[in-house]
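Breakdown of the fold
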2 protein chains.
Amino acid sequence: MFSQAEENYIKSIYVLELEFQNNVSTNLIAKKMQTKPSSVTDMLKKLAVKDLVDYKKYQGVQLTSKGKKVALKVIRKHRLWEYFLVKELKFKWDEVHEMAEQLEHIKSETLIDRLESFLKYPKFDPHGDPIPDKDGKIMITKTINLLNLKVGQKGVIDNLKDSSDTFLKYLTKKNLALRDKIKVVDIEPFDNSIHLETKTHHLVVSKKVAENLNIKI
Amino acid sequence: MFSQAEENYIKSIYVLELEFQNNVSTNLIAKKMQTKPSSVTDMLKKLAVKDLVDYKKYQGVQLTSKGKKVALKVIRKHRLWEYFLVKELKFKWDEVHEMAEQLEHIKSETLIDRLESFLKYPKFDPHGDPIPDKDGKIMITKTINLLNLKVGQKGVIDNLKDSSDTFLKYLTKKNLALRDKIKVVDIEPFDNSIHLETKTHHLVVSKKVAENLNIKI
DNA sequence: AAATATTTTTAGTCTTATCTAAAATGTTAA
DNA sequence: TTAACATTTTAGATAAGACTAAAAATATTT
């Protein structure tokens, strides 16, 4: 139906729309996908013809509802495979991204539905992100960024903005995990670093780390 | 490392070398891969440059030892994924080929080794074919084609030459399965059809069916 | 051994997805 | 409000992998 390249563009646009409230530009996509703006333009034209995006020259893009459906299918596959890799094959959460990037393109609705059933219908992937169901329905948990918490506020680490290997390794090293309860002990005005308290320890995280942690209050 | 197209050619050549005792021609590959001879020639040149095949114009090809290693890796992946699909995800043996064709190209040694361990190191795939180990070692069972059995001889259905959906469906319909004991009751000289006796029933199979059944005596 | 048939290769084209360099458009700040 | 700067698009190239049609090599008949 769609090529891997097309699916990758669609998925990236979906993720960027969430992060940038539908202001998705050619350059933004190029940066995210580590490609050149001219390549992005080419692809946007193709996707527009296939009615997967609304695209007007120089005006950025939005996914059509058809495009969103495709995005959710790819994301569903990605997250179910990640869950499989971590829960069944015992990979660490920072090892699975690359494999899932490939597995998400395997063409077979039945396969992914069987996999989902085999895994007992998990609701979240190993990085805390919700797994869309067969119909593309996705459970959105209201979270706020750790940067926006005030001193004294408590919450639970719900999901990560950045799921790169290096960030995941950082969290592991600092003994922070999904579902951990945290409390903001202090905020350093000079560099916005945040002093946190968890069940087991205290630590200070930088602004850059904080903005990648989404907290459920 | 290698493209999907390259891996597919390598795999096909490997299979053809087994079937035709290293007499693998351009046309044969084209037929097997449902492509044109000219495309095959193009690819053989590329594979030769990469030292995966020995190729001299108009002389057919043989895999180099490097090529054989690649072939065995792809086959290993294919068969382990097939086993997973049938044993864990409960697909029927005639449903898994297309999915395995895609999964065999997922790039990750670790993934396939973990999968193998998860599956408890199966030795044969759902079609009776042996699964190469991590080092490419493959267990070859001595079998002979049902066509070569004499009246009165007994044996066990060990593996299939053709694992196409239609042949697998045929076997299911006729209530024939891997590991079934069979005995040749009669051979019809006119059309080489064979009258078989199994534990549970009698049946007649055509020459075409017989040549796709490999029997362990 | 020549004629014919078959197989294989070459030459040139197409599609997809990428790139660079240059041109066009949009944005910002003097 | 226009000059400078940034972003985006176009034009033209490239590479992989496929194709068709024609040419070349090999095999088979007569």
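Residue numbers run consecutively from 1 along every chain, following the written order of its sequence. Just so you know, chain letters begin at A and ligand numbers begin at 1, following the order they were written in. Only residues with pLDDT of at least 70 are given local features in this predicted model, and only at 80 or more are side-chain atom pairs given and counted; all residues enter the totals for whole chains, interfaces and linings. Hydrogen atoms and water are omitted, and side-chain values are computed over all heavy atoms in the structure.

1. What about the overall build of chain A?
Helix and strand definitions here come from DSSP, where helices need a minimum of 4 consecutive H or I residues and strands a minimum of 2 consecutive E residues; each element is numbered from the N-terminal end. A tally of helices and strands in chain A yields 8 helices and 8 strands. For the C-alpha atoms alone, the extent of chain A along its principal axes is close to 55 × 45 × 25 Å. Burial classes follow relative accessibility: with a 1.4 Å probe on protein chains only, a residue under 20% of its type's maximum area counts as buried, one over 50% as exposed, and anything between as partly exposed. By residue count, 47% of the 217 residues in chain A fall in the buried class. Of all intrachain contacts in chain A linking residues separated by at least 6 positions in sequence, the fraction that spans at least 24 positions is 62%. Only the protein chains shown count as cover for residues, and all accessible areas are computed by the Shrake-Rupley method using a 1.4 Å probe. Carbon and sulfur atoms make up 53% of the accessible area of chain A, which totals about 11800 Å². Note on charges: Lys and Arg go in the positive column, Asp and Glu in the negative column, and His and the chain ends are not counted at all. Where a charge lies is defined by one atom per residue type: Lys uses NZ, Arg uses CZ, Asp uses CG and Glu uses CD. Charged side chains in chain A number 39 positive and 30 negative. The centres of these two groups are separated by 2 Å. Contacts: residue pairs with any heavy atoms within 4.5 Å of one another.

2. Quick look at the protein's contact with DNA strand D
Throughout, near means a residue has at least one heavy atom within 4 Å of the molecule or strand. DNA strand D sits among 21 residues. The nearest are Lys-45, Tyr-55 and Lys-57 of chain A together with Ser-3 and Ser-39 of chain B. Within 4 Å of the protein, the atoms of DNA strand D are drawn from sugar and phosphate moieties in a proportion of 78%. Within the backbone of Asn-27 of chain A, one N or O atom sits 2.8 Å away from a phosphate oxygen of DNA strand D. Here a polar contact means two N or O atoms within 3.5 Å. Within protein one must be a hydrogen donor candidate and the other an acceptor candidate, and residues neighboring in sequence count only if both atoms are side-chain atoms. Measuring from a base oxygen of DNA strand D, one finds a side-chain N or O atom of Ser-38 of chain B at 3.0 Å.

3. Focus on the side chain of Asn-159 of chain A
Residue and element names in this part refer to chain A. Tracing the backbone shows Asn-159 in strand E4 (residues 154-160). Take Asn-159: its relative accessible area is 12%, and that puts it in the buried class. Separated by 2.7 Å, the side chains of Asn-159 and Asp-158 make a polar contact.

4. Re the domain arrangement of chain A
Domain annotation of chain A identifies domain 1 (4-63) and domain 2 (144-216). Residue ranges labeled as domains rest on an automatic or database domain assignment. For domain 1 of chain A versus domain 2 of chain A, the separation of C-alpha centres amounts to 31 Å.

5. Focus on the relation of the copies chain B and chain A
In superposing the copies, a least-squares fit is computed on C-alpha atoms, taking residues whose pLDDT is at least 70 in both. Of the two same-sequence chains, chain B is brought onto chain A (RMSD 0.1 Å, axial shift 0.1 Å) by a rotation of 180°. Taken together, the rotation and translation describe the operation of a two-fold axis. In terms of C-alpha distance to the rotation axis, chain B has Leu-103 of chain B as its closest residue, with the C-alpha 3.8 Å off the axis.

6. Examining the packing of aromatic side chains
The description of an aromatic ring pair uses the distance of the two centres, along with the angle that the planes make with each other. Side-chain rings of Phe, Tyr and Trp, where Trp is taken by its six-membered ring, are said to pair if the distance between their centres is within 6.5 Å; with planes under 30 degrees apart they count as stacked, over 60 as edge-to-face, and otherwise as tilted. For the structure on display, the rule yields 9 aromatic pairs over all chains. Note on Phe-84 of chain A and Phe-118 of chain B: the rings are 6.1 Å apart at their centroids and 80° apart in plane angle, and the pair reads as edge-to-face. A residue pair is termed interchain when its members come from two chains, as with Phe-84 of chain A in helix H4 (residues 65-87) and Phe-118 of chain B in helix H6 (residues 109-118). Comparing Phe-84 of chain A with Phe-118 of chain B shows no difference in burial state: the two are buried. Consider the ring centre and the ring normal. A charge sits over the ring if Lys NZ or Arg CZ is within 6 Å of that centre and within 35 degrees of that normal. Geometry around Phe-124 of chain A places Arg-179 of chain A over its ring, the cationic atom sitting 5.5 Å from the centre.

7. Examining the pattern of salt bridges
Salt bridges are defined by distance alone: a side-chain nitrogen of Lys or Arg within 4 Å of a carboxyl oxygen of Asp or Glu. Under the criterion given, the structure shown has 26 salt bridges over all chains. Among the ionic pairs, Asp-94 of chain A bridges to Lys-169 of chain A, the shortest N-O distance being 3.9 Å. Taken together, the positions of Asp-94 of chain A in the loop between H4 and helix H5 (97-103) and Lys-169 of chain A in helix H7 (residues 165-173) put the pair 75 residues apart, joining distant regions of the chain. A relative accessible area of 9% means that Asp-94 of chain A is categorised as buried. Residue Arg-79 of chain B is joined to Asp-125 of chain B by a salt bridge in which the shortest nitrogen-to-oxygen separation is 3.8 Å. Taken together, the positions of Arg-79 of chain B in helix H4 (residues 65-87) and Asp-125 of chain B in the loop between H6 and strand E3 (144-145) put the pair 46 residues apart, joining distant regions of the chain. Asp-125 of chain B matches Arg-79 of chain B in its accessibility class, with the two residues each being buried.

8. Examining the sheet that holds strand E4 (residues 154-160) of chain B
Pairing between the strands of a sheet comes from backbone hydrogen bonds, and it takes one of two forms, parallel or antiparallel. Residues and elements named next belong to chain B. We call two strands paired when DSSP finds no fewer than two bridges between them. Reading across the sheet, the 6 strands line up as E3-E8-E4-E5-E6-E7 and stay open at both edges, with antiparallel pairing between neighbours. The open sheet has two edge strands, E3 and strand E7 (202-205), and neither has a second partner. Looking at chain direction, E4 and strand E8 (residues 213-216) are connected through 4 bridges and run antiparallel. If you follow Asn-159 over to E8, its bridge partner there is Asn-214. In this description, a line fitted to the C-alpha atoms serves as the axis of each element, helices being fitted only across the stretch in contact, and the angle between N-to-C directions of two axes falls anywhere from 0 to 180 degrees. Helix H7 (residues 165-173) contacts E4, E7 and E8 of the sheet and is inclined by roughly 145° relative to E4.

9. Topic: the nonpolar core
Residues belong to one nonpolar core when they are buried, are Ala, Val, Leu, Ile, Met, Phe, Trp, Tyr or Cys, and are joined through side-chain atoms within 4.5 Å. Counting residues in each nonpolar core, the largest one holds 36 residues, and the members touching the most others are Phe-84 of chain A together with Phe-84 of chain B. Not counting residues within four places of it along the chain, the set of residues in contact with Phe-84 of chain A comprises Leu-89, Leu-115, Phe-118 and Leu-119 of chain A together with Phe-84 and Leu-115 of chain B. Grouped together as the second largest cluster of nonpolar side chains are 23 residues, Val-24, Leu-52, Tyr-55 and Val-61 of chain A included.

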